[in-house]
Amino acid sequence: MKPEITLVGAGLVGALTAALLAQRGFAVTAFERRPDPRIHGFVGGRSINLALAERGWHGLRVAGLQDRIGKLAVMMRGRMVHHPDAHTELLRYGRDDSQVIWSVSRGALNMALLDAAEAAGARIHFDQRLDGAEWRTSTLRFVDNTGSWRSHAAPVVIGADGAGSALRAAMSANSNLDERFEPLEHGYKELEIPARDGGGFAIEPNALHIWPRGNYMCIALPNAEGSFTVTLFMPNVGNPGFDTIRTSADARALFARDFADALPLIPDLEKDFAANPTGILGTLYLDRWHLDGRALLIGDAAHAIVPFHGQGMNCGFEDAVELADLLQDAKNDFGTAFAEFQHRRKPNADAIAAMALENYVEMRDSVADARFLLMRALERQLAARKPGHFVPRYWMVTFSRLPYSVAFERGEIQSGILRELTQGKLELAQVDLALADRMIDERLTPLPM
Ligand code: FAD
Ligand code: 8R5
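Residues numbered from 1 in each chain as written. Chains lettered and ligands numbered in written order. Predicted model: local features only at pLDDT ≥ 70, side-chain atom pairs only at ≥ 80, totals over all residues. Heavy atoms only, no water.

Draft legend 1. A look at the packing of aromatic side chains. According to the stated counting rule, one finds 13 aromatic pairs in the structure shown. Arranged with centres 3.8 Å apart and planes meeting at 5°, the rings of Phe308 and Tyr360 form a pair that is stacked. Within this pair, whereas Phe308 is found in the loop between helix H9 (300–303) and helix H10 (312–328), its partner Tyr360 is found in helix H11 (residues 334–364), the two being separated by 52 residues in sequence. The residues Phe308 and Tyr360 share a single accessibility class, namely buried. Taken together, the ring pairs in this structure connect Tyr188, Phe233, Phe308 and Tyr360 into an aromatic cluster. Cation over ring: Arg180 sits above Tyr285, and NZ or CZ is 4.6 Å from the ring centre. Over the ring of Phe273 we find Lys189, and its NZ or CZ is 4.8 Å from the ring centre. (Phe/Tyr/Trp six-rings, centres within 6.5 Å; stacked < 30°, edge-to-face > 60°. Helix = DSSP H or I, 4+ residues; strand = E, 2+ residues; numbered from the N terminus. Buried < 20%, exposed > 50% of the residue type's maximum accessible area, 1.4 Å probe, protein only. Lys NZ or Arg CZ within 6 Å of the ring centre and 35° of its normal.)

Draft legend 2. The layout of surface pockets, seen in detail. Here the second largest pocket defines a volume of roughly 560 Å³. Surrounding the second largest pocket, 18 residues form its lining, Glu362, Phe372, Arg376, Arg393 and Ser415 being those nearest its centre. Those elements that place two or more of their residues in the lining of the second largest pocket are H11, helix H12 (370–385), helix H13 (393–399) and helix H14 (404–422). The leading source of residues in the lining of the second largest pocket is H14, at six residues. In terms of residue class, the lining of the second largest pocket is built from five nonpolar, six polar and seven charged. (1 Å grid on protein atoms, 1.4 Å probe; cavity = no way out; pocket = protein on both sides within 12 Å on 5 of 7 lines; lining within 4 Å. Points joined across faces, edges and corners; volume = space filled by probe spheres on them. Nonpolar A, V, L, I, M, F, W, Y, C, P; charged D, E, K, R; others polar.)

Draft legend 3. Here's a closer look at the nonpolar core. Judged by nonpolar contacts, the single largest core of 73 residues is most densely connected at Leu60, Ile69, Leu109, Leu113, Ile158 and Leu327. Once residues within four sequence positions are removed from consideration, Ile69 is found in contact with Leu52, Trp57, Leu60, Val104, Ala108, Leu109 and Ala112. Ile210, Val306, Val397 and Leu402 belong to the second largest nonpolar core, which has 36 residues in total. (Core = buried A, V, L, I, M, F, W, Y, C linked by side-chain atoms within 4.5 Å. Contact = heavy atoms within 4.5 Å.)

Draft legend 4. A look at the site of ligand 2. With respect to spatial proximity, 17 residues lie near ligand 2, and among them Ala51, Arg79, Tyr93, Pro307 and Asn359 are the closest. Arg79 has a polar side-chain atom sitting 2.5 Å from an oxygen atom of ligand 2. Contact distances for ligand 2 include 2.9 Å between an oxygen atom and a side-chain N or O atom of Asn359. In isolation ligand 2 has 550 Å² of accessible area, and contact with the protein removes 89% of it. Taken together, the elements giving at least two residues each to the shell around ligand 2 come down to strand E14 (208–212), strand E16 (228–235) and H11. Looking at the shell around ligand 2, its residues break down into 12 nonpolar, four polar and one charged. (Near = heavy atom within 4 Å. Polar contact = N/O pair within 3.5 Å; in protein donor to acceptor, adjacent residues only side chain to side chain. Areas by Shrake-Rupley, 256 points an atom, 1.4 Å probe, with all protein chains shown as cover.)

Draft legend 5. Summary view of the sheet that holds strand E10 (residues 139–143). Pairing in this open sheet of three strands is antiparallel, and the strands run E9-E10-E11 from one edge to the other. Each having just a single partner strand, strand E9 (129–134) and strand E11 (149–153) make up the two edges of the open sheet. Within the sheet, the average angular offset between the axes of one strand and its neighbour, ignoring direction, is 25°. Where E9 and E10 come together, five bridges link them in antiparallel fashion. By the bridge assignment for E10, Glu134 is matched with Thr139. (Pairing = 2+ DSSP bridges. Axes fitted to C-alpha atoms, helices over the stretch in contact; angles between N-to-C directions.)

Draft legend 6. Just the pattern of salt bridges, in detail. Scanning the entire structure with this criterion turns up 33 salt bridges. The salt bridge involving Glu182 is made with Arg180; its shortest N-O contact spans 3.4 Å. Taking relative accessible area as the criterion, Glu182 reaches 40% and is therefore assigned partly exposed. For Glu270, the salt bridge is made with Arg252, and the minimal N-O distance between the two is 2.4 Å. Residue Glu270 is found in helix H8 (residues 269–275), and its partner Arg252 is found in helix H7 (residues 248–258); the two are separated by 18 residues along the sequence. By relative accessible area, Arg252 is classed as partly exposed at 37%. Residues joined by salt bridges that share partners form a network here, namely Asp36, Arg38, Arg68, Asp115 and Glu118. (Salt bridge = Lys/Arg side-chain N within 4 Å of Asp/Glu carboxyl O.)

Below, the structure written as structure tokens:
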């Protein structure tokens, strides 16, 4: 008999987990609140994309989906910075085109993952919203869109139902998970740069575009069909802020002043600004991710983070792979496997949460700062002098599968080295590279790469 596992949520992480567990011989049943996107189209309808990096690709590779998704992904070589005077510059993310990130459609990704889960034998019930749990009898209650109920016996349940997790709420009703949500005082709004008439991209396709403006910014990621999804990030309260930029006319005036080169590319600015909700951002921390061997939270349900490193999904995919490996070896001792999962993943979730918060300041502000640019240039030089020894933090997070906690710790040491070496300096030629080599040898061990 195959052990049975119930999943709540068949979004990105839930569908990947369903595929990986079914591939390893578990009898997987998943319940998803939304309708099947392969039949009804993806709810929302708009093109929404995500940045896929090495950790995400690894999950897709293990699930056998690399080729299918590879065909749909748009390469982003670096940040294309749009300065206030409208000149642009490309800051490469990696060493060369082997170190890039990729823009993929959330809908296409979710549909591919659902196909893979079902192909491996997982059963997925759509239009089924978790509404509560009775832990004494291990019974979950689901409600469909007509309001009718069903009960499901679930001795082992995994919650991949996102930041607003209903399973988390049901677990909290039983035991204290020590949950805390730290809101960011900034929100976001999605807009669109459509494809040019007759097709084609209106701006450079192979980049992640950033309009840094100090305390706020816009970004744009390419969609394969030629459009870009634009996101405006700014304070909830302030000037500009979502409390002062309230009407479509306010939005147009803000763009005319601060994003003048983008404005003519966003024909539906007014309509989208009014119609699209203002997204909220924040970090979710829980001290407990599981109820012994009965229930476990993964992905955003356990550790939602702010978006500024583009790692929420990437981190969630890493969760899915780690969990599948643990359960494969667990001999049905779910309690031990869930505790080990939390033990291994929590320090990494905390590390990426902290790095994602830091990257907001870097994206919106420091790209215009001379000392920052000098440290960035030096970082690349040291990476070339000492490959595998001095590795930029962004590279460790984005292009490797080193634990996030290692990226964070080494990043702190490296940032100390960069600060000391550039103290009072204006250009790269003034930096003492022999001293740099000594600092690296003394403070960092070479990586096993
Ligand atoms: P979700 O994707 O939220 O999936 C949860 C699923 O559970 C959904 O399908 C939902 O319908 C279902 N569900 C919810 N409640 C219930 C219930 N009660 N019963 C049954 N089912 C339920 N990450 C990146 O790595 N790179 C990016 O570039 C990036 N860009 C992003 C852009 C946007 C606009 C947003 C909002 C997020 C972005 N992220 C990105 C983060 C990423 O989307 C999340 O980290 C990732 O989707 C988490 O996956 P998940 O499966 O845990 O949660
Ligand atoms: N998420 C991303 C990066 C890092 C880019 C860099 C940043 C939109 C709601 Cl804000 C953001 C990145 O350091 O140059 N990689 O991928 C994705 C990002 O935002 C996504 C699209 C987003 C939540 C709205």
